[in-house]
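Overview (structure and organization)
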Amino acid sequence: MIRAAVLASSVLLAFPAFSGEPLADRASVIDGDTIEIHGTRIRLEGIDAPESRQTCTSKETGEMLRCGQKSAFFLADLLAEHAVSCTEAGKDRYGRTLAHCEVEG
């Protein structure tokens, strides 16, 4: 499921490379559903992860967890040092550019 998150994404800022050609390189993780490549923020299409500062409560222990931070770290571990390639797929309801992304094919 999380691997699918890496494969599908949406872009928060328009970037000229998205007009037909993929934007590709190593990505920085912003949060569990947002990456950045060359200054362009890309949000994972069809994925809704907690925001970086969002907390959750464990059902088992009742403990407060930093689930937003955990989701960002998990995505960062998946991407590691791999190249990510994103291709434009449309716009979301907030006007952000949607894109499909993949990691090393």
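All chains use their own residue numbering, which begins from 1 and follows the written sequence. Where local features are concerned, this predicted model is filtered to residues with pLDDT of at least 70; where side-chain atom pairs are given and counted, the filter is 80 or more; whole-chain, interface and lining totals use all residues. As a rule here, side-chain values cover all heavy atoms of the structure and leave hydrogens and water aside.

What follows is about unusual backbone geometry. Even without being glycine, His38 reaches a positive phi, approximately 50°. Take His38: it is sitting in the loop between strand S4 (34–37) and strand S5 (40–43). For Ala80, which is not a glycine, the phi torsion comes out positive at approximately 40°. When you line up the elements, Ala80 lands in the loop between helix H2 (67–79) and strand S8 (83–91). Helix and strand assignments come from DSSP, with helices taken as H or I runs of at least 4 residues and strands as E runs of at least 2, each series counted from the N terminus.

Let us now look at the pattern of salt bridges. Salt bridges are defined by distance alone: a side-chain nitrogen of Lys or Arg within 4 Å of a carboxyl oxygen of Asp or Glu. Enumeration according to the criterion identifies four salt bridges in this entry. The shortest N-O distance in the salt bridge between Arg26 and Glu81 comes to 2.9 Å. Of this pair, Arg26 sits in strand S2 (residues 23–26) while Glu81 sits in the loop between H2 and S8, placing them 55 residues apart in sequence. Buried means the residue's accessible area, taken with a 1.4 Å probe over protein chains only, is under 20% of the maximum for its type, while exposed means over 50%, and partly exposed covers the values in between. Taking relative accessible area as the criterion, Glu81 reaches 55% and is therefore assigned exposed. The salt bridge partner of Arg43 is Asp33, with a shortest N-O separation of 3.4 Å. One end of the pair, Arg43, is in strand S5; the other, Asp33, is in the loop between strand S3 (28–31) and S4, with ten residues separating them in the sequence. Here Arg43 and Asp33 have matching classes, each one buried.

Another aspect to go through is the nonpolar core. Core analysis: the largest hydrophobic core is formed by 14 residues, its most contacted members being Ala27, Ile35, Ile37, Ile42, Leu79, Val84 and Cys86. Elements represented by at least two residues in this core include exactly S4, H2, S8 and strand S9 (97–103). Here a residue-residue contact requires only that any non-hydrogen atoms of the pair lie within 4.5 Å. Not counting residues within four places of it along the chain, the set of residues in contact with Ala27 comprises Ile35, Glu36, Ile37, Leu79 and Val84. Only buried residues count toward a nonpolar core, which is a set of Ala, Val, Leu, Ile, Met, Phe, Trp, Tyr and Cys residues joined through side-chain atoms within 4.5 Å.

Quick look at the pairing of S5 now. In summary, the side chains of a regular strand alternate between the two faces of the sheet. When DSSP finds at least two bridges between two strands, those strands are taken to pair. Both S4 and S5 contribute to a ladder of four bridges, which runs antiparallel. Note that in S5 the partner of Glu36 across the bridge is Arg41. Where S4 folds back onto S5 in an antiparallel hairpin, the turn is made up of two residues, including His38, whose phi is positive at roughly 50°.

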